[in-house]
Amino acid sequence: MLILLPPSEGKADAGTGRRLDPSRLSLPELTGAREEVLTALVALCAGPDEAAARAALGLSEGQRGELRRNARLREAATAPAGRIYTGVLYEALDLATLPPAAERAARRSVLISSGLWGAVRLTDRIPPYRCPVGARLPGVGALSAYWRRALAPAIVTAAGAGPVLDLRSGAYAATWTPRGELAARTVTVRVLHERTVDGVPSRAVVSHFNKATKGRLVRDLLTAGVRPRTADALVGALRDLKYTVEEQPVAAGRPRQLDVVVTEL
């Protein structure tokens, strides 16, 4: 099973180990693309036009420190990506407390989307950075379109013959869309909050807590030792873990869409 996660805006303050070496990251077929994006990002952030750099990355004036950090990425200390990302999803996943077998499974199965790196594994050593996939970099253009051209072969290879659990947010999901037979093996998840308002049951899509639910869902799959070989087996595993799962009708050639319904956030 391949699990696709979004990155988080929240990141560790600094790495703790050796300097960045893009050639040592997993998915080596992405090395050239990563170098191109990294070079463009560093040049933009080290350049004289701070206002243009902040606008390209969606930063406020108070976030100019992010530009200085990006400008030094090639010399920055690194840490495993699983420690760099610190947002809500990763807090709920809580990689540091996974049992050993679950941690090994996470290293094998999880890929994290990234506007800068395309995708990385939990063990890939990267520095903290700021580069949303919605950014447009000089010489590279819109990152969503850039990675849409570059990512497909790497993810198809990583998926192998098993199911794909795609938990990426919309902006990152746009960088790779499964096609054909692989689409039938891909499962996407939407989180709905079910509650009663004035005696009337209602459901609403959640955003912030959507991330926490997805983090717990991945943790539960990993700690249960689930190793589904098909999309049907993956859906069954979620139900076995007591998740309320409703499958939505989809057109042929599109990923399967699940609603995970929660009553507590």
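In the annotation of an unreviewed UniProt entry, the entry for the protein reads Peroxide stress protein YaaA, and the organism field reads Micromonospora sicca.

(A) Local environment of the overall build of the protein. Summing up its helical and strand segments, the protein has twelve helices and twelve strands in all. Taking the principal axes of the C-alpha coordinates as reference, the protein spans close to 55 × 45 × 40 Å. Buried positions account for 49% of the 265 residues belonging to the protein. For the protein, contacts bridging at least 24 residues in sequence account for 70% of all contacts bridging at least 6. For the protein, the computed accessible surface area is about 12400 Å², with 50% contributed by carbon and sulfur atoms. The centroid of the 37 positive side-chain charges in the protein is displaced by 4 Å from the centroid of its 26 negative side-chain charges.

(B) Layout of helix α12 (residues 231-240). Every buried residue of α12 is listed here: Ala231, Leu234, Val235, Ala237 and Leu238. For α12, the buried positions fall inside an angular range of 155 degrees around the axis, keeping them on one side. Within α12, the exposed residues directed more than 90 degrees away from the buried face are Asp232 and Asp240. Looking one or two places after α12, you find lysine 242, whose phi comes out positive at around 75 degrees.

(C) Region of the structure containing the packing of aromatic side chains. Evaluated as defined, the whole model comprises four aromatic pairs. Taking 5.7 Å as the distance between ring centres and 25 degrees as the angle between the ring planes, the aromatic pair formed by tyrosine 85 and tyrosine 90 counts as stacked. Overall, the relative accessible area of 2% leaves tyrosine 85 in the buried class. Taking the relative accessible area as the measure of exposure, tyrosine 90 reaches 6% and is therefore buried.

(D) Expanded view of the pattern of salt bridges. Taken as a whole, this structure holds 13 salt bridges when the rule is applied. The residue glutamate 181 makes a salt bridge to arginine 185 at a minimum N-O spacing of 2.6 Å. In this structure, arginine 256 and glutamate 247 form a salt bridge, with 2.7 Å as the shortest nitrogen-oxygen distance. On the accessibility criterion, glutamate 247 (36% relative accessible area) is partly exposed. Through salt bridges that share partners, Glu9, Glu66, Arg69 and Arg130 make up one connected network.

(E) Quick look at the side chain of arginine 256. Mapped onto the fold, arginine 256 is located in strand β12 (residues 256-262). A relative accessible area of 16% means that arginine 256 is categorised as buried. A polar contact is formed between the side chain of arginine 256 and the side chain of aspartate 232, at a distance of 2.7 Å.

(F) Broad picture of the state of the cysteines. Under the defined criterion, the tally for this structure stands at zero disulfides. Cysteine 131 carries a free sulfur, and the closest cysteine sulfur to it, the one in cysteine 45, is 8.0 Å from it.

(G) Highlighting a positive patch on the surface. Together, Arg104, Arg108, Arg227 and Arg229 make up a positively charged patch on the protein surface. Secondary-structure assignment places arginine 227 in the loop between α11 (208-223) and α12.

(H) Seen up close, unusual backbone geometry. With a phi close to 50 degrees, aspartate 94 is a non-glycine residue in the positive phi region. Here aspartate 94 shows up in the loop between α5 (88-93) and α6 (100-109). The phi torsion at lysine 242 lies on the positive side, around 75 degrees, for a residue other than glycine. Along the polypeptide, lysine 242 turns up in the loop between α12 and β11 (244-248). Here lysine 242 falls in the exposed class, since its relative accessible area comes to 73%.

(I) Looking closely at helix α1 (residues 31-46). If you check α1, its first and last C-alpha atoms are 22 Å apart, about what 16 residues at 1.5 Å a residue would give, namely 22 Å. What α1 keeps buried is the set Thr31, Ala33, Arg34, Val37, Leu38, Ala40, Leu41, Val42, Leu44 and Cys45.

(J) Here's a closer look at the environment of leucine 165. Within the secondary structure layout, leucine 165 lies in strand β8 (residues 164-166). A relative accessible area of 0% places leucine 165 in the buried class. Considered as a pair, leucine 165 and leucine 111 are 54 residues apart in the sequence and their alpha carbons are 10 Å apart. Setting aside chain neighbours within four positions, we find leucine 165 in contact with Leu2, Ile3, Leu4, Val187, Val189, Leu217, Leu221 and Leu234.

Thresholds applied
- Residues numbered from 1 in each chain as written.
- Predicted model: local features only at pLDDT ≥ 70, side-chain atom pairs only at ≥ 80, totals over all residues.
- Heavy atoms only, no water.
- Helix = DSSP H or I, 4+ residues; strand = E, 2+ residues; numbered from the N terminus.
- Buried < 20%, exposed > 50% of the residue type's maximum accessible area, 1.4 Å probe, protein only.
- Contact = heavy atoms within 4.5 Å.
- Areas by Shrake-Rupley, 256 points an atom, 1.4 Å probe, with all protein chains shown as cover.
- Lys, Arg positive; Asp, Glu negative; His and termini not counted.
- Charge placed at Lys NZ, Arg CZ, Asp CG, Glu CD.
- Arc of directions from axis to C-beta.
- Phe/Tyr/Trp six-rings, centres within 6.5 Å; stacked < 30°, edge-to-face > 60°.
- Salt bridge = Lys/Arg side-chain N within 4 Å of Asp/Glu carboxyl O.
- Polar contact = N/O pair within 3.5 Å; in protein donor to acceptor, adjacent residues only side chain to side chain.
- Disulfide = S-S within 2.5 Å.
- Patch = residues over 30% accessible without salt bridge, like charges linked within 9 Å, V, L, I, M, F, W, Y side chains within 5 Å.
- Expected span 1.5 Å × (residues − 1).

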